[in-house]
Amino acid sequence: MAKPSQISYLLNAPGADKPTPIFTFLSLDGRRVKVYANRSIHPRQWDATERRALTRGYPRNGALNDWLDLLAERLTTCCDTHAAAGTAPTAAELRALAETEAAAAEPKPVAAPGGLFWQYYEEWVNYTRAAGTVRTAQAHATAGRHLREFSEAQGYAIDFDTLTPTVGDRWAAYLLNVVKLTDNTINKHLGRLKAFMKWAAKRGYTENTALDRVSWARREPDVIALSTAELTALETLPLPAGSRLEKARAWFLLACYTGLRYSDLVSIKPQHVRPATATLPAHLRLTAKKTRAVVNVPLSARALSIVNRLLAGELASVKSQPITNPVLNRFLKELGQLAGIDTPVEVIRYRGGIADVATAPKYEKLTVHTARRTFVTLNLGKGMSAEFVMKLTGHTSYKSFQRYVNLTPQRVAEEFARFHEMPD
């Protein structure tokens, strides 16, 4: 009988333009039993690869995934019990598990005393958004959603006075074991909650500093970079002018040529472009969305050409808006495959200090953030100093910059040969 990790869910009508039921297949003595999960979802909110509900942008779907996990456990427990007794469950028995206490699988929200904590948390998210850091505000909102869902699942009312180190540890364990987040993401969510508590303390909302004693080890995942040959393959890939893939390539190449983050790329305006003078080349001067630091990025001929296309509206989507980050990431995987960027790569992520290693063709791991590391890696390889590259990327500490440095075996050998006599 299948174990919980092997139970996967499907949509009854994945091509529908309306909510469709979720179900799973189980094998019993050579028979396939179809068990409906007693839940429906719109296909656009479903991740067909992971076979789970999308949660980014759909905060209510977190509870749906919890229910699917719970149902998988019920089904497995039922089958294991029968197997131990030498019997097999009936189809009706299995299907009933999706309805028994179904309402209990969606706990009602637990109101915090006075509701002030969540009121101020929303105020903090809105404050961050009003400051112009929209993506940061979205990240804060996501952390808040996970905290609400933890509160509902544990039956523990969250308020300023109830956030003890023990509760912080339990929330971190919930993020690891229930939400299945990586160590790096758990560390970031804890940091966001601590930042909120400090913000609230400055405004006199609380004096609780207990969360300062809660920590979770940060273990950065690998960040992939393109080699010079791979970047050239992408640059020279024949594509119809003005096509969706050609526009996506232009956005990505601009990031490779400038080292800018996606949030800064899409914010480029005419006033950010400084023309060449007798002493300075053409460059971008803008305030980085994430760090609020002012960066000056020289523009090569190729980069300037793409910037001019961007400002002319030639890289806009069909809705006359910049291409969105998720869509761009999807197009990049398609571009990488067409360009033959298929070298097997290992991607390591950590959960609870345990390395989760996955191997896949390189194009499957391409994202717009790959361009930023490509910029760092290739320019360091050309001999630029780390301090100079950091100035271009806006990094303020070498520790955060270091994870972008891709020291390949070939580059290590070349650097060594610069300072030592090597045998023929």
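Residues numbered from 1 in each chain as written. Predicted model: local features only at pLDDT ≥ 70, side-chain atom pairs only at ≥ 80, totals over all residues. Heavy atoms only, no water.

The next subject is the overall build of the chain. Looking only at helices and strands, one finds 15 helices and 10 strands in the chain. Put simply, of all contacts in the chain between residues at least 6 apart along the chain, 59% involve residues at least 24 apart. Per element, the accessible surface of the chain, about 23,000 Å² overall, is 53% carbon and sulfur. (Helix = DSSP H or I, 4+ residues; strand = E, 2+ residues; numbered from the N terminus. Contact = heavy atoms within 4.5 Å. Areas by Shrake-Rupley, 256 points an atom, 1.4 Å probe, with all protein chains shown as cover.)

Turning our eyes to something else, we now look at helix α3 (residues 116-130). When the terminal C-alpha atoms of α3 are compared, their 21 Å separation across 15 residues agrees well with the 21 Å that a helix rising 1.5 Å per residue should span. What α3 keeps buried is the set F117, W118, Y120, Y121, W124, V125 and T128. Burial along α3 is one-sided: seen end-on, the buried residues are contained in an arc of 165°. Exposed residues lying more than 90 degrees from the buried face of α3 are E122 and A130. Tucked inside the fold, the buried residues of α3 contact α4 (134-154) and α6 (183-202). (Expected span 1.5 Å × (residues − 1). Buried < 20%, exposed > 50% of the residue type's maximum accessible area, 1.4 Å probe, protein only. Arc of directions from axis to C-beta.)

Across soluble globular proteins, nonpolar side chains show a tendency to be buried alongside one another. Counting residues in each nonpolar core, the largest one holds 41 residues, and the members touching the most others are L254, L328 and L335. Of all elements in the fold, only α7 (228-235), α8 (244-258), α9 (262-265), β7 (283-287), β8 (294-298), α10 (301-311), α11 (325-338) and α12 (368-381) reach the threshold of two or more residues within this core. Core analysis: the second largest hydrophobic core is formed by 29 residues, V125, A143, A172 and L176 among them. (Core = buried A, V, L, I, M, F, W, Y, C linked by side-chain atoms within 4.5 Å.)

We now examine helix α13 (residues 386-393). Within α13 the residues assigned to the buried category are A386, V389, M390, L392 and T393. All buried residues of α13 lie within an arc of 160° about the axis, which places them on one face of the element. The exposed set on the far side of α13, more than 90 degrees from its buried face, consists of E387 and K391.

Strand order in the open sheet formed by three strands is β1-β2-β3, and the pairing between neighbours is antiparallel. Among the strands making up the open sheet, the edge pair consists of β1 (10-11) and β3 (31-41). Here β1 pairs with strand β2 (residues 20-28) via two bridges, running antiparallel. Across the sheet, the residue bridging to L10 is F23, located in β2. (Pairing = 2+ DSSP bridges.)

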